[in-house]
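Below, each chain spelled out in residue letters.
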Amino acid sequence: MLVVALLNLAYMVVEMSVALAIGSVSLVADSVDFFEDFAVNILIVVALGWSARSQAVAGKALALIILLPALAAAWTAFLKAGDPEPPDPVALVVTAGGALAVNLVCSLVLARFRHGGGSLTRGAFLAARNDVVVNLAIIVMGLVTAWTLSGWPDVILGLLIIVLNVSAAREVWETATEEHLAARALAGDLDDD
């Protein structure tokens, strides 16, 4: 988990630098997502020794953290919609390719933990899996941008990233809620109403 966290932090710096240089909504959202993945994996490293109830609460915090890229993408898309200048497609595709490689490695590392560790590890796996899909979409969008010379594909993809992150956050929240109820039941804290 610590290796995954550090990989995400390192590539966040790379991707944010390129995103700001070329004005890409989708790369801004994805770079913020790398920070989210860093935070998620650090949270997991810290929370694994906690009680089931505390882990469930951390899982709910994780669901809220997953929403950060969605908010960043929404803000960036809002700003860019007024002047949808296309980002440099070559820099976009190359940067997304690097992000894809990092996220594939992280997904493979996290895949073995996705079912056994509860909401925290499931959230980390879902985030990495979603990132692979997003990176493939950014590469395709970069090719469409090169073909159309329009900034709208970048804005639209940024909006789709929002939907993906909200869906993952909902799934992690639901899993954490189930874990919290199970922990309460084991502790005898549930009312019979």
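Here's a quick rundown of the structure. What you see is a predicted model, and the numbers here were worked out from it, not measured in a lab. (Residues numbered from 1 in each chain as written. Predicted model: local features only at pLDDT ≥ 70, side-chain atom pairs only at ≥ 80, totals over all residues. Heavy atoms only, no water.)

**So, the pattern of salt bridges**
Moving on, step 1. Under the defined criterion, the tally for this structure stands at two salt bridges.
Moving on, step 2. For the salt bridge of glutamate 174 with arginine 170, the shortest nitrogen-to-oxygen distance reads 3.3 Å. Here glutamate 174 and its partner arginine 170 are both found in helix α6 (residues 152-187), four residues apart, which amounts to about one turn of the helix. (Salt bridge = Lys/Arg side-chain N within 4 Å of Asp/Glu carboxyl O. Helix = DSSP H or I, 4+ residues; strand = E, 2+ residues; numbered from the N terminus.)

**A few points about the packing of aromatic side chains**
Moving on, step 1. On inspection of all chains with the given rule, the structure shows three aromatic pairs.
Moving on, step 2. Each ring, one from phenylalanine 35 and one from phenylalanine 38, has its centre 6.0 Å from the other, and the planes form 40 degrees; the classification is tilted. Linking phenylalanine 35 with phenylalanine 38, this pair stays in helix α2 (residues 25-47), spanning three residues, or about one helical turn.
Moving on, step 3. Residue class for phenylalanine 35 comes out partly exposed when judged on its relative accessible area of 38%. (Phe/Tyr/Trp six-rings, centres within 6.5 Å; stacked < 30°, edge-to-face > 60°. Buried < 20%, exposed > 50% of the residue type's maximum accessible area, 1.4 Å probe, protein only.)

**Let's talk about the packing of helix α1 (residues 2-22) against α2**
Moving on, step 1. Remark: α1 packs on α2, axes separated minimally by 8 Å, with the N-to-C direction vectors making an angle of 160 degrees. Here α2 runs roughly antiparallel to α1, going by the angle between their axes. Here the hand of the crossing between α1 and α2 comes out left-handed. Between α1 and α2, the contacting residues are Leu2, Val4, Ala5, Asn8, Leu9, Tyr11, Met12, Glu15, Met16, Val18, Ala19 and Ile22 on the first element and Leu27, Val28, Asp30, Ser31, Val32, Phe34, Phe35, Asp37, Phe38, Asn41, Ile42 and Val45 on the second.
Moving on, step 2. Of the residues in the contact of α1 with α2, the class split is 18 nonpolar, three polar and three charged. (Axes fitted to C-alpha atoms, helices over the stretch in contact; angles between N-to-C directions. Parallel < 35°, antiparallel > 145°, perpendicular 65-115°, else oblique. Left-handed = near helix turned anticlockwise from the far one by under 90°. Contact = heavy atoms within 4.5 Å. Nonpolar A, V, L, I, M, F, W, Y, C, P; charged D, E, K, R; others polar.)

**Overview of the nonpolar core**
Moving on, step 1. Grouped together as the largest cluster of nonpolar side chains are 23 residues, with contacts concentrated most on Phe34, Leu62, Ile66, Leu110 and Val172.
Moving on, step 2. For this core, the secondary-structure elements that each account for two or more residues are α1, α2, α3 (52-81), α4 (89-111), α5 (118-148) and α6.
Moving on, step 3. Residue contributions to this core peak at five residues, all from α2.
Moving on, step 4. When residues no more than four places from it in sequence are discounted, the contact partners of leucine 110 are Met1, Val4, Asn41, Ala124, Phe125 and Ala128.
Moving on, step 5. Counting 19 residues, the second-largest nonpolar core is a separate cluster that includes Leu27, Ala70, Ile139 and Ile162. (Core = buried A, V, L, I, M, F, W, Y, C linked by side-chain atoms within 4.5 Å.)

Keep in mind that these numbers describe shape and distance, not what the molecule does.
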